[in-house]
Amino acid sequence: MSTLAHTMMTAARSADSGVAGPGELDRYPYAEAPAPDRGAGPSWEGADPELGRVGRRAAGSRGRGLHGQLVQQLGQMIVSGDLGADRPLVPEEIGQRFEVSRTVVRESLRVLEAKGLVSARPNVGTRVRPVSDWNLLDPDIIEWRAFGPQRDVQRRELSELRWTIEPLAARLAAGHGREDVQQRLADMVEIMGHALGQGDALTFSRADSEFHTLLIQVAGNRMLEHLSGIVSAALQVSGGPVTGCDRPSESALAQHARIVDALGAGDGAAAEAAMRQLLTVHPEIERVVPAPREH
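First, a word on what this report is: a plain description of the structure on this page. (Residues numbered from 1 in each chain as written. Predicted model: local features only at pLDDT ≥ 70, side-chain atom pairs only at ≥ 80, totals over all residues. Heavy atoms only, no water.)

1. Some remarks on the packing of helix α3 (residues 91–98) against helix α4 (residues 102–114)
The geometry of α3 relative to α4 is characterised by a closest axis approach of 9 Å and an angle of 115 degrees between their N-to-C directions. Handedness of the crossing formed by α3 with α4: right-handed. On α4, the residues touching Pro91, Glu92, Ile94 and Gly95 of α3 are Arg102, Val105 and Leu109. For the contact of α3 with α4, the residue count by class is four nonpolar, one polar and two charged. (Axes fitted to C-alpha atoms, helices over the stretch in contact; angles between N-to-C directions. Helix = DSSP H or I, 4+ residues; strand = E, 2+ residues; numbered from the N terminus. Left-handed = near helix turned anticlockwise from the far one by under 90°. Contact = heavy atoms within 4.5 Å. Nonpolar A, V, L, I, M, F, W, Y, C, P; charged D, E, K, R; others polar.)

2. Some details on the side chain of Asp138
Along the polypeptide, Asp138 turns up in the loop between β3 (125–128) and α5 (139–146). Polar side-chain contacts of Asp138 include one of 3.0 Å to the side chain of Lys115. Within the local environment of Asp138, its side chain forms a polar contact with the backbone nitrogen of Asp140, the two atoms lying 2.8 Å apart. (Polar contact = N/O pair within 3.5 Å; in protein donor to acceptor, adjacent residues only side chain to side chain.)

3. Some thoughts on the pattern of salt bridges
In the structure shown here, the tally under the stated rule is 11 salt bridges. Arg145 serves as the salt-bridge partner of Glu157, at 3.2 Å between the closest nitrogen and oxygen. Here the residue Glu157 occupies a position in helix α6 (residues 151–173), and Arg145 occupies one in helix α5, the gap between them amounting to 12 residues. Residues Arg184 and Glu210 are paired through a salt bridge, measuring 2.4 Å at the closest nitrogen-oxygen approach. Of this pair, Arg184 sits in helix α7 (residues 179–198) while Glu210 sits in helix α8 (residues 201–217), placing them 26 residues apart in sequence. (Salt bridge = Lys/Arg side-chain N within 4 Å of Asp/Glu carboxyl O.)

Shown next, in the form of structure tokens:
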């Protein structure tokens, strides 16, 4: 096993136990997030009354400290429908309910406003915005939808989006021929192979996520590059057998290896075909990715 593979597998196991490990990737906590409690009533009844004392999840800047916790809590409640569209959000009420300062409330609402979830206007106050105004490509909103009542719709939409983005990225990446990138992608396949042999689904998932994120980033298209975070989030919130990436298997491993080989050979068509095969929907899923329309 390479040093990189050993480091990444150790880091994944450390993360699973809650202890940071060397080289730990801090981008993939979504699979452990609980689904919102749909039995909770409207208003603040579904919220955690001990916001400052709940366990913290590491997700970049998300979920850290009272500010991050409040953003998570309010965001989940809005996306789940517990706080419906056009509902007024009174900062004083929020502060009292969650026992946080007005500064924490104000900054949290600003974050939610940037995501399109709420709007603040003079003489009107802060209100929840309709779904049509949300930034549905925001990684936080992807996570909240994927673990809320819209989970099936979110996972289907993510699967369809990946099927559109990633085959093209694989084709474009084949024309760049960077040896360092080729080696890094090959390392990820090696890590996935070791993880599969040891039944280590967490490490497999992390290597898989880095593989796909890197592939998009080296496609040479800056607009596609901006979508790499969406693909990373999609891999972590899939939560079911939607595509060939969603469960560690010899078949998925083989398709990843085929992509690396095609990139090494500069064969864009082969890389695209291998990616499409990898993203093929499992036969037990009723809704499949639609075939191209005939014009």
